[in-house]
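Structure at a glance
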Amino acid sequence: MIDWLTSDRMAALNVLSIAVASGKVGYVFLSGGHLHDWGITQKAARSHSDLVGLAQELMTKLRPDVVVTEKLVTGCRKGRRTKALIRSLAELASYNGVLDVSVPRQHNYATKYEEAQDLAKSYPEVTGYLPDHPRRIYEFEPRAMVLFEALSLAQQVIKGLPTDLAAMG
């Protein structure tokens, strides 16, 4: 059990959250509960080495205490290749001596777009990444949605209870 991690201490940690979706990767870095860095890339999603290279660069530059990735639970709709990329992030964090926390993607909103709007209220820096409208069934998901996925995963860890964190690790 990780009893030294209270909610206040979790909010004070440097948290790097990386989300991988089909053909894109988004990351956010929060320090002291404030958003300091974020980005979206398609290049990193092309191959295992590109993703590991990006993640290593971010870990070296940002020095996170915690790396957050999506926990691959039964029923996860991610493709086989995307799942393999997510697993490689967790391995890289452990090689760097960084606490890797994998959390299942929560769906507390009716749509991803409602979640993104709510997250943008807490982190106005990413408001410019909000899609103009929810995607129609015949449209591809906007590229920027992976950024909000990364932010959501980080929020789960920062706002989660210490007992939840211990169960996730």
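In this report, the structure presented in the accompanying data block is examined. What you see is a predicted model, and the numbers here were worked out from it, not measured in a lab.

It is worth spelling out the pairing of strand β4 (residues 66-70) at this point. Burial analysis of β4 places five of its five residues in the buried class, the great majority of the element. Residues Val66, Val68 and Glu70 of β4 are buried on one face, and the alternating residues Val67 and Thr69, pointing to the opposite face, are buried as well. In terms of strand pairing, strand β1 (residues 14-21) meets β4 through three bridges, oriented parallel. By the bridge assignment, leucine 16 is partnered in β4 with valine 67. Across five bridges, β4 lies against strand β5 (residues 99-103) in parallel orientation. Bridge pairing links valine 66 to leucine 99 in β5.

A few words on the packing of helix α4 (residues 112-122) against helix α5 (residues 145-159). Relative orientation of the contacting elements α4 and α5 amounts to 65°, with a least axis distance of 10 Å. Judged by the inter-axis angle, α4 sits roughly perpendicular to α5. The crossing of α4 and α5 is left-handed. On α5, the residues touching Lys112, Tyr113, Glu115, Ala116, Leu119 and Ala120 of α4 are Met145, Phe148, Leu151, Ser152 and Gln155.

As a further point, take the sheet that holds β4. Spatially, β3-β2-β1-β4-β5 is the arrangement adopted by the five strands of the open sheet, whose pairing is mixed. Edge positions in the sheet fall to β3 (34-41) and β5, since each of these pairs with one other strand and no more. On average, adjacent strands in this sheet sit at an angle of 20° to one another, irrespective of strand direction. Its contacts with the sheet place helix α2 (residues 48-62) against β1, β2 (24-31), β3 and β4, and it is angled at close to 165° to β1. Contacts from helix α3 (residues 80-95) reach β1, β4 and β5 within the one sheet, and its direction differs from that of β1 by about 160°.

We now examine the side chain of threonine 41. Structurally, threonine 41 is set in strand β3. Of note is the side chain of threonine 41, whose polar atom sits 3.4 Å from the backbone nitrogen of alanine 44. Leaving out residues up to four positions away in the same chain, threonine 41 has contacts with Lys24, Val25, Leu54 and Arg143.

The rules behind these values
- Residues numbered from 1 in each chain as written.
- Predicted model: local features only at pLDDT ≥ 70, side-chain atom pairs only at ≥ 80, totals over all residues.
- Heavy atoms only, no water.
- Buried < 20%, exposed > 50% of the residue type's maximum accessible area, 1.4 Å probe, protein only.
- Helix = DSSP H or I, 4+ residues; strand = E, 2+ residues; numbered from the N terminus.
- Pairing = 2+ DSSP bridges.
- Axes fitted to C-alpha atoms, helices over the stretch in contact; angles between N-to-C directions.
- Parallel < 35°, antiparallel > 145°, perpendicular 65-115°, else oblique.
- Left-handed = near helix turned anticlockwise from the far one by under 90°.
- Contact = heavy atoms within 4.5 Å.
- Polar contact = N/O pair within 3.5 Å; in protein donor to acceptor, adjacent residues only side chain to side chain.

That's the geometry; what it means functionally is another story.
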